[in-house]
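The chain contents come next:
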Amino acid sequence: MVEPCGSRVNPMPPVIRANRKNLAASLPVVWKRLDIDKSELNLPLTFPTGQTFRWKRTGHLQYTGPVGPHLVSLRQLEDGTVGYHLHFSEDEDEARIDLLDFLNVHISLKELWGEFGRADPRFAELAENLEGARVLRQEPLGCLIQFICSSNNNIGRITGMVDFISSKGRVLGTVGGYDFFEFPDLETLARVSEGELRGAGFGYRAKYIVGAVEALALKPGGGVEWLTSLRKSELGGAIDGLRSIAGVGPKVAACVALFSLDKHDSVPVDTHVWRIARRHLLLPELTSAAAAAAARLTPRMHSYVGEAFVRKYGKYAGWAQTLLFISQLPSQKPMLPPLTTELELPKEVLQLQKSGNKRKKKVS
Ligand SMILES: Nc1nc2[nH]c(O)nc2c(=O)[nH]1
């Protein structure tokens, strides 16, 4: 049941566009409550932390972005619960359903983190400081294009690229000085040339985006339908399907699978996660000197680390990865207290580390 709450402050009045039914027109903003609190959804730990590049901070503890054809702001209210405001939608009831779906609200973060914490005391310690970092359920096409943009890239540049592509879609409105768009469909994307993307600073990713759009357009039954059908596959099938698109490596595929295809056991692995795997999962093979040489994140290494995460955290291992990934971000890492839980490395691993350190000293 939606009920308006007391908070009526809107620091960023939405710009009203002509010929659109704008739900906020001339009314004070009423934040409608979602039945979740900060421990289930912490906005600053969920939105600007690398899962989506389409949401913007539009106020204090307030983020705005598109959910399919709807434009929504979310705000952490004074009592810790989350409120939402629709800036634009053609169907309010549908917008609320789509929003709840996008937020994966049927999954209890508290329950999951309880399980992860029992499996890993170091996770429990981190979780105390980073509560409410939730995994979103995005539209597969938008998610795929965002993560192709993300490869070997930093957040500022990824956001610029994603904004550029998003701006080809239908305008939803402007909030806090940012324009928001529905993600363009495949037909619209097919009209964007590699040259245009290169001109906009996409570099080598231009070729992969155009290639991905072409490959999807050729799918019998439709590219978006094909991508969405991967939600019904097992993790391996979804990853193989995504990797059949040129330019989609294991990390991009794992992010798309986790953030849009319901593959909660999908574990994206980059160098940070690889390091975490060594420390949290006590993988002797990864701690050895030989592993340092194998540090290249080959598809095999990717699967190996992913499987170790699943052994440790279970079938929602991707949600555990998300917290550990966030804990390594420059925006969070310096604020976290050092872990007090001792890492109980097996003796042979400590020995290997010692000899590795000695070798390093000799070299330098
Ligand atoms: N939770 C995560 N977010 C990400 N963004 C990005 O580019 N990589 C990751 C990731 O591994 N986990």
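Residues numbered from 1 in each chain as written. Predicted model: local features only at pLDDT ≥ 70, side-chain atom pairs only at ≥ 80, totals over all residues. Heavy atoms only, no water.

By the naming in an unreviewed UniProt entry, the chain goes by DNA-(apurinic or apyrimidinic site) lyase and is assigned to Genlisea aurea. As its UniProt record puts it under Catalytic activity (unreviewed entry), the chain is described as follows: "2'-deoxyribonucleotide-(2'-deoxyribose 5'-phosphate)-2'-deoxyribonucleotide-DNA = a 3'-end 2'-deoxyribonucleotide-(2,3-dehydro-2,3-deoxyribose 5'-phosphate)-DNA + a 5'-end 5'-phospho-2'-deoxyribonucleoside-DNA + H(+)". Its UniProt record gives the chain a comment under Sequence similarities (unreviewed entry), which states: "Belongs to the type-1 OGG1 family." (UniProt positions renumbered as here; feature names shortened; annotations may be inferred.)

### A closer look at the sheet that holds strand S1 (residues 32-37)
On the basis of which strands lie adjacent, the open sheet formed by 5 strands has the order S1-S5-S4-S3-S2 and antiparallel pairing. The open sheet has two edge strands, S1 and strand S2 (56-59), and neither has a second partner. Sheet twist, expressed as the mean angle between neighbouring strand axes with direction ignored, is 35 degrees. As paired elements, strand S4 (residues 70-76) and strand S5 (residues 81-88) share 6 bridges and run antiparallel to each other. Paired with Gln-76 across the strands is Val-82, a residue of S5. (Pairing = 2+ DSSP bridges. Helix = DSSP H or I, 4+ residues; strand = E, 2+ residues; numbered from the N terminus. Axes fitted to C-alpha atoms, helices over the stretch in contact; angles between N-to-C directions.)

### Some thoughts on empty space enclosed by the protein
Across all of its chains, the model carries 2 cavities of 30 Å³ or more by this definition. What lines the largest cavity is Thr-52, Arg-54, Trp-55, Pro-66, Phe-102, Gln-138, Glu-139, Gly-142, Cys-143 and Gln-146. When its residues are assigned to classes, the lining of the largest cavity shows 4 nonpolar, 4 polar and 2 charged. Residue contributions to the lining of the largest cavity reach at least three from each of two domains, namely domain 1 (14-129) and domain 2 (140-260). Here the second largest cavity defines a volume of roughly 40 Å³. Taken together, Ile-165, Leu-189, Val-192, Leu-197, Ile-209, Val-210 and Val-213 make up the full set of residues lining the second largest cavity. Looking at which element gives the most residues to the lining of the second largest cavity, the answer is helix H9 (residues 205-217), with 3 residues. Split by residue class, the lining of the second largest cavity holds 7 nonpolar, no polar and no charged. (1 Å grid on protein atoms, 1.4 Å probe; cavity = no way out; pocket = protein on both sides within 12 Å on 5 of 7 lines; lining within 4 Å. Points joined across faces, edges and corners; volume = space filled by probe spheres on them. Nonpolar A, V, L, I, M, F, W, Y, C, P; charged D, E, K, R; others polar. Domains from an automatic or database assignment.)

### Some points on the site of the ligand
Taken together, the neighbourhood of the ligand is formed by Gly-50, Phe-147, Lys-251, Cys-255, Phe-259, Pro-268, Gln-321, Thr-322 and Phe-325. In the environment of the ligand, a nitrogen atom lies 2.9 Å from a nitrogen or oxygen atom belonging to the side chain of Lys-251. One nitrogen or oxygen atom from the side chain of Gln-321 is found 2.7 Å from an oxygen atom belonging to the ligand. The site holding the ligand turns out to be the largest pocket. Elements with a contribution of two residues or more to the shell around the ligand: helix H12 (250-260) and helix H17 (317-327). Taken together, the residues of the shell around the ligand break down into 5 nonpolar, 3 polar and 1 charged. (Near = heavy atom within 4 Å. Polar contact = N/O pair within 3.5 Å; in protein donor to acceptor, adjacent residues only side chain to side chain. Sits in = over half its atoms within 2 Å of the grid points.)

### A short note on the nonpolar core
With 70 residues, the main nonpolar core has Trp-113, Phe-123, Leu-144, Leu-242 and Phe-309 as its most contacted residues. Taken domain by domain, the makeup of this core includes at least three residues from each of domain 1 (14-129) and domain 2 (140-260). With 18 residues, the next largest nonpolar core counts Tyr-63, Leu-86, Leu-99 and Phe-102 among its residues. (Core = buried A, V, L, I, M, F, W, Y, C linked by side-chain atoms within 4.5 Å. Buried < 20%, exposed > 50% of the residue type's maximum accessible area, 1.4 Å probe, protein only.)

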